[in-house]
Structures are given as C-alpha cells and as structure tokens.
Amino acid sequence: MSRRKRAPAVLKKKTAAVPTVAARPFAYRNRTLHCDGVSLASLAEQHGTPLYIYSASQITERFQLFQKSFASRSHTVCYAVKANSSLAILRLLGKQGAGFDIVSGGELERVRKAHKPALKKVVFSGVGKQAWEIDAALKADILQFNVESEMELDLLAARAEALGIRARFALRVNPDVFAETHPYISTGLSEHKFGIDIKIARALYRRAAKSKWLDASGISVHIGSQIRKVDPFAAALERVTALVALLRRDGHDIRYIDAGGGLGIDYSDAPFDPAHQVERYAAALFKGLGDEQAHLLLEPGRFLVAQAGALLTRVLVLKKNGSKTFVITDAAMNDLIRPALYHAHHEIVPVRQPTGKASITADIVGPVCESGDFFARDRAIANVKPGDLVALLDAGAYGMSLSSNYNSRSRPAEILVEGTTTKLIRRRETMRDQLGPEVL
Ligand code: LLP
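Residues numbered from 1 in each chain as written. Predicted model: local features only at pLDDT ≥ 70, side-chain atom pairs only at ≥ 80, totals over all residues. Heavy atoms only, no water.

1. Structural notes on helix α7 (residues 150–163)
Note that an α-helix has 3.6 residues per turn; residues three or four places apart therefore point the same way. The first and last C-alpha atoms of α7 sit 20 Å apart over 14 residues, in line with the 20 Å expected at 1.5 Å per residue. Among the residues of α7, those classed as buried are E152, L153, L156, A157 and A160. Mapping the buried residues of α7 onto a view down its axis gives an arc of 140°, with all of them on the same face. Exposed side chains of α7 directed beyond 90 degrees from the buried face belong to M151, E161 and A162. Considering only its buried residues, α7 is in contact with α6 (131–139), β8 (144–147), β9 (167–174), α8 (198–208) and β11 (214–220). Looking one or two residues past α7, G164 carries a phi angle of roughly 70°, positive in sign. (Helix = DSSP H or I, 4+ residues; strand = E, 2+ residues; numbered from the N terminus. Expected span 1.5 Å × (residues − 1). Buried < 20%, exposed > 50% of the residue type's maximum accessible area, 1.4 Å probe, protein only. Arc of directions from axis to C-beta. Contact = heavy atoms within 4.5 Å.)

What follows is the structure in structure tokens.
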C-alpha cells in the first residue's frame, strides 16, 4: 500500500488542479479547495480543525456504481461498517438499500440506530465473536453469520438452541489465494488467522447439518483489503464456487455466496476511473462464479467511502532539524493512523491554491510524541506557512474509525457535505467526553 512518493499534482501542472478530480469530490474553485459546493476554508472557520469532511454524493455515486455493475444478478451490497462507522453515513447507505458487514456487537447497534430495516441485511464476520454478540445478532434476525472456526460454529449452535432461534450461517473459507497488498491487511493465505481451511470446510458443513439449530445458508470468503488487481478475486471465487457444487450435492441448501470486500482505490495522483474499476471487479467475480446463480453478497468498505473524505488540518509550526524540514499540523496519528501503521500514502494539498511553483520538501507530521507520527516523509508540498490549511485526501475510510485519544487528544468533528449544504454529523470531542468514563 505504500505508494511511490509523488509531488502533488498542484505542483506539477501549470493549471493547478486536485489530482484525479473524477475520483474525488475535492476541487479548487476561486482558488480555494472545495468539497462539492462547499469551501474547506469556511468549514475550518466554522468548525475548527482537525476536521473530517465527507461528500454524501460521492458515497452515493460509489454505491450506485456497485449497484449498476452487479445489476445483472441478484446481489446485496453489504457495506463494511469498520471502514467508516459514522451513523449518518450508515443511514445514507442504508436508505439506498445497502446491507452491512459487521464485526462486533457495537457495529450491530450502530446499524440498528442508523437504519433498523437494514438489520435483516447484516452479515456478521470476525474471528472472535462472543456469546452476547451472537445473541444480539440472533435476536435481530440478521441475514447470516460468517463463521470463522469450528469452535465458533459450536458456540453459534449452542446460542441458537438456547434462544430457540435458528441461525443462518456461512463458513468463511480461506481459499489460500495470494493478493498483493500490505501484509497487515492480507487475509486469504493459510498463514493468516482468518477463515477456515477450504479443504476441511465440507466436513464441517456435514457436521453442522446434524444440528437443527444451524441452517447452512451460504459460504463466504474475504482475501484482504486494498487489492488493486482483480484476478485474485476471480481465483478465490472459483474455488468457493467449486465447493458450493459439492455442498449442494451433500444436500446443503446454499443460497448466498459472500465474496467479501477488498477492492482497492488509487491513493496517488495517477488518473483513476472508479467506474471502470468496479466493472473489472464485477467481471472477475462473474468469471469466478461461472453458471452459479446463488445470491451474491459483497462487502466493500474502502471503495465506497475512502475518496469521499478528507482530513482538514492547519499548519502549526515550520521547523528545521539539520537538513530536514518539518511541517507540524494540528492533526496527528491519533486522527489518521494509516501512514504510521502501513506507510500508506495520502495526497496532501493546500486549501489555498498555490499561484506559483514554489515548493518545499518536508516531513508533514503531527504533534504526538512518537517519531511514527507522520503523514508524509520527504514530500514536495506547496510553500505552506503557519496558519495555512492543508487537506489529507482519501481519508474517508479507516480514518476516523481508527482514530484514538492517544496523547489525550480529543477526536475531530465530522461534516457531511450534501451539495452546497453541510451537516455536522459528529461534534468535536471535549475533555468532558474523554474524562467521562474515568473514576477517581
Ligand atoms: N469484509 C471483511 C470480512 C473485512 O475484514 C474487511 C476489511 C472488509 C470486508 C472491507 O474491506 P475493504 O473493502 O474496505 O477493503 N485498516 C486498513 C484496512 C483493514 C481492512 C480490514 N478488513 C487500512 O486502513 O487500509
């Protein structure tokens, strides 16, 4: 996921523009960066920084790209809540017909609160589900549990029996397919903790059929995240589809194939056509499925929300240490940990469009007391000075949802832009919020 270091396009091109405007809702108007029709400078003025800003129309567009590319077959897009679990974003997607992929009892409650009718379109993934989480999901009558171990299957049967509610389940199989991505977010090899070895899955389905509390409704697979090539998706699904044929022969009524999430975006300033990417992805899945007609479940997270969002931050200090220049911003690794955790690349652009070509090469860092607290290293960036605003692009996925209070920093506010209007969808945290749960 670590990208080649590129100078932001604003520095390379004569007529400065935000890179790959088509893929992002952020563009300059009157020399100021806007999200759709709203100026980021005015948002900073009104709500302060650091500030997460998302475009509702971009999220809708991405969801509709999926709907369109998969229209030829019966399917449900189950948005992966972990990518961005904001209630407003869940509601936006839920109202358009999305289902949800959850990994905890907490995410279940978020779906319930955001859009209750979507509970019946929830799939529950994760390697360590607890009895209370299973109980809550059974009572909510979710679509399916994606079971990741034999022990979990036993627990699910026991809870289903205790509550008298039959559990629909899929085994999440590990297809042993290699997908090129960062090692922390690759999941489809047998060395990973995820899924059940595809070779033993058939025997487990057979065992499960002995319990009247278990309904083998589907099969699922997820090979990792930020996967740019589509062939691994086809390969994984081909293995899954072959297994489905065997399972049917064994008498299991498999109705759902869950292809997981993982479709990657382009974090760089290279041209990127999201519509084409979804079409390629759909074609790969269709190839893997062959004639199989089961209802297809999809679990995209990043692809729907990453490029809709930016983290807006203000430059606090410029500092030189030896030969290095540091641009210190009021956002830090606790607000957006992806660069620190995965060496992930995020484009960083000034809110005020630069007039000349003057640039500096600097490390863009936060105020947190860790050398790993950086957004970019040795990056060519427009000549910024203290007080200037810059935006970290493609921060809509795994930004706020991975944020923390490290260094006792209060988390940013979040804004949803709807055309020319804005909605504060999460107020800035206060010290009161932080200290609330503590006991002296
Ligand atoms: N389904 C399952 C079972 C998953 O584990 C995940 C992501 C998804 C769907 C959604 O994947 P997506 O479409 O967003 O790639 N924090 C990392 C990504 C971690 C992904 C974890 N699982 C990052 O910032 O890159």
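Right, picking up where we left off after that structure.
2. Quick look at the layout of surface pockets
Of the pockets and cavities examined, the largest pocket occupies roughly 1100 Å³. Lining the largest pocket are 48 residues, and of these K82, V103, E107, Y398 and S401 sit closest to its centre. Of all the secondary structure elements, the ones that give two or more residues to the lining of the largest pocket are α4 (87–95), α5 (105–114), α12 (338–342) and β21 (421–426). In terms of residue class, the lining of the largest pocket is built from 15 nonpolar, 17 polar and 16 charged. Quantified by volume, the second largest pocket comes out at close to 280 Å³. Along the walls of the second largest pocket sit 17 residues, with P350, R352, Q353, K385 and D388 positioned nearest its centre. Among the residues forming the lining of the second largest pocket, the class breakdown is 8 nonpolar, 5 polar and 4 charged. (1 Å grid on protein atoms, 1.4 Å probe; cavity = no way out; pocket = protein on both sides within 12 Å on 5 of 7 lines; lining within 4 Å. Points joined across faces, edges and corners; volume = space filled by probe spheres on them. Nonpolar A, V, L, I, M, F, W, Y, C, P; charged D, E, K, R; others polar.)

3. Considerations on the nonpolar core
Formed by 108 residues in total, the largest nonpolar core has its most connected members in F66, F100, F145 and F169. Of all the elements, helix α9 (residues 231–249) adds the most residues to this core, at 8 residues. The residues that make up this core include at least three from each of domain 1 (26–55 + 307–435) and domain 2 (126–298). Beyond its immediate sequence surroundings of up to four residues, F145 is in contact with F124, K129, I134, A137, L138, L156, A167, R168, F169 and A170. Counting 20 residues, the second-largest nonpolar core is a separate cluster that includes F26, C35, V38 and L312. (Core = buried A, V, L, I, M, F, W, Y, C linked by side-chain atoms within 4.5 Å. Domains from an automatic or database assignment.)

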